[in-house]
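Residues per chain, in single letters:
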Amino acid sequence: SQQGEEDPQALSIQEGENATMNCSYKTSINNLQWYRQNSGRGLVHLILIRSNEREKHSGRLRVTLDTSKKSSSLLITASRAADTASYFCATVNAGGTSYGKLTFGQGTILTVHP
Amino acid sequence: DTAVSQTPKYLVTQMGNDKSIKCEQNLGHDTMYWYKQDSKKFLKIMFSYNNKELIINETVPNRFSPKSPDKAHLNLHINSLELGDSAVYFCASSQPTGIRETEAFFGQGTRLTVV
């Protein structure tokens, strides 16, 4: 079953602006991850935040996690045209038997105009 | 060197045929996966193998049969292909270690079109 929902489904911004994407999920998690998918390509891991963490940074990326609300957000600052892609959140359920199985959200299509 | 490589990249075939997709990872990971991405870009896990042993089978039709000859390879064989099997299939690997889960590395995908 589908775990998460992302909003917005599509986001169109100008280069230099910030982009914020949100993700909600339904079960208890071990961690939440964000992936990027360029058109016609595979998924590239961006950042992983564990259930006991609230915020994480990596370069221009900032991820927050609110386990009480079962939600996460991904902020991309100072966006570039090269950031144009689909962004997916994915969760790994709590418990020792998930073996890293990812349950994906529906994705946000980000378009950054030069 | 590509970390996770899958072949072929594109596969066009007729209904009823049998086809295979191959996947190899050179990361030394113990766990490999097959995910399916549908036309709406929704990604869903199909199978997972850990050290050549099947550990996750997400109610996939038994026309789909994964095979892992060793922990670096996970192939997907599909019998009697149907139109609804058209999708992009992604292979991935990771090294889940209980509490400290890590990220997955994905192949470039195989776009399967059944006509």
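Computed from a predicted structure; not experimentally measured.

1. Structural notes on the overall build of chain B
Now for step 1: Within chain B, the regular secondary structure consists of zero helices and 11 strands.
Now for step 2: Ordering the α and β elements of chain B from the N terminus gives β-β-β-β-β-β-β-β-β-β-β.
Now for step 3: For 115 residues, the compact-globule estimate of 2.2 N^0.38 gives 13 Å, and chain B sits close to it at 14 Å.
Now for step 4: Over its C-alpha atoms, taken along the principal directions, chain B stretches across nearly 40 × 30 × 30 Å.
Now for step 5: Looking at the 115 residues of chain B, the share that counts as buried comes to 45%.
Now for step 6: Counted over contacts in chain B with a minimum sequence separation of 6, partners at least 24 positions apart contribute 54%.
Now for step 7: Counting every atom, chain B has about 5,700 Å² of accessible surface; 50% of that belongs to carbon and sulfur.

2. A short note on the side chain of Thr 64 of chain A
Residue and element names in this part refer to chain A.
Now for step 1: With respect to the helices, strands and loops of the structure, Thr 64 is situated in strand E7 (residues 61-66).
Now for step 2: For Thr 64, a relative accessible area of 17% gives the class buried.
Now for step 3: Non-local contacts of Thr 64, meaning those with residues more than four positions away in its chain, are made with Ile 49, Arg 54, Glu 55, Ser 71, Ser 72 and Ser 73.

3. Quick notes on the confidence of the model for chain A
Close inspection of predicted coordinates is inappropriate in any region flagged by low pLDDT.
Now for step 1: Across chain A, the average pLDDT comes to 92, with 96% of residues at or above 70.
Now for step 2: Ranking the elements of chain A by mean pLDDT puts strand E1 (residues 5-7) of chain A last with 81 and E7 of chain A first with 98.

4. Focus: the pairing of strand E9 (residues 85-93) of chain A
The side chains of a regular strand alternate between both faces of the sheet.
All names here are of chain A.
Now for step 1: Across the nine residues of E9, eight count as buried, placing the element largely inside the fold.
Now for step 2: Here strand E4 (residues 29-37) runs beside E9; their pairing, made up of eight bridges, is antiparallel. Considered in E9, the bridge of Leu 32 is made with Thr 91.
Now for step 3: Where E9 and strand E11 (residues 108-113) come together, three bridges link them in antiparallel fashion. Along E11, the bridge assignment pairs Ala 85 with Leu 110.
Now for step 4: Pairing between E9 and strand E10 (residues 103-104): two bridges, direction antiparallel. In the strand pairing of E10, Ala 90 is matched with Phe 104.

5. Examining the layout of surface pockets
Now for step 1: Of the voids in this model, the largest pocket is the one considered here, and its volume is about 310 Å³.
Now for step 2: Contributing to the lining of the largest pocket are 21 residues, with Gly 40 of chain A together with Gln 37, Ala 87, Val 88 and Arg 111 of chain B lying nearest its centre.
Now for step 3: The element that contributes the greatest number of residues to the lining of the largest pocket is strand E11 (residues 110-114) of chain B, accounting for four residues.
Now for step 4: Within the lining of the largest pocket, the residues separate by chemical class into five nonpolar, 11 polar and five charged.

6. Topic: the sheet that holds strand E7 (residues 64-70) of chain B
Residue and element names in this part refer to chain B.
Now for step 1: Read from one edge to the other, the open sheet built from four strands follows the order E1-E3-E8-E7, with strand pairing classed as antiparallel. Two strands in the sheet have a free side with no partner beyond their single neighbour: strand E1 (4-7) and E7. Here the strands of the sheet are splayed against their neighbours by 15° on average, with no regard to which way each runs.
Now for step 2: Relative to strand E8 (residues 73-78), strand E3 (residues 19-25) is paired through four bridges, and the arrangement is antiparallel. Bridge pairing links Ile 21 to Leu 76 in E8.

7. Concerning the state of the cysteines
Residues and elements named next belong to chain A.
Now for step 1: Scanning the model with the defined rule gives two disulfides over all chains in all.
Now for step 2: Here Cys 23 connects covalently by a disulfide to Cys 89, the sulfurs 1.9 Å from one another. In this structure the cystine formed by Cys 23 and Cys 89 twists about its S-S bond by roughly 70°; its chirality is therefore right-handed. With Cys 23 in strand E3 (residues 19-24) and Cys 89 in strand E9, this residue pair connects regions lying 66 residues apart in the sequence.
Now for step 3: According to the relative accessible area criterion, Cys 23 is buried, its value standing at 3%.

Reading the values: rules and limits
Residues numbered from 1 in each chain as written. Chains lettered and ligands numbered in written order. Predicted model: local features only at pLDDT ≥ 70, side-chain atom pairs only at ≥ 80, totals over all residues. Heavy atoms only, no water. Helix = DSSP H or I, 4+ residues; strand = E, 2+ residues; numbered from the N terminus. Rg over C-alpha atoms; globule rule 2.2 N^0.38 Å. Buried < 20%, exposed > 50% of the residue type's maximum accessible area, 1.4 Å probe, protein only. Contact = heavy atoms within 4.5 Å. Areas by Shrake-Rupley, 256 points an atom, 1.4 Å probe, with all protein chains shown as cover. pLDDT = per-residue confidence, 0-100. Pairing = 2+ DSSP bridges. 1 Å grid on protein atoms, 1.4 Å probe; cavity = no way out; pocket = protein on both sides within 12 Å on 5 of 7 lines; lining within 4 Å. Points joined across faces, edges and corners; volume = space filled by probe spheres on them. Nonpolar A, V, L, I, M, F, W, Y, C, P; charged D, E, K, R; others polar. Axes fitted to C-alpha atoms, helices over the stretch in contact; angles between N-to-C directions. Disulfide = S-S within 2.5 Å.

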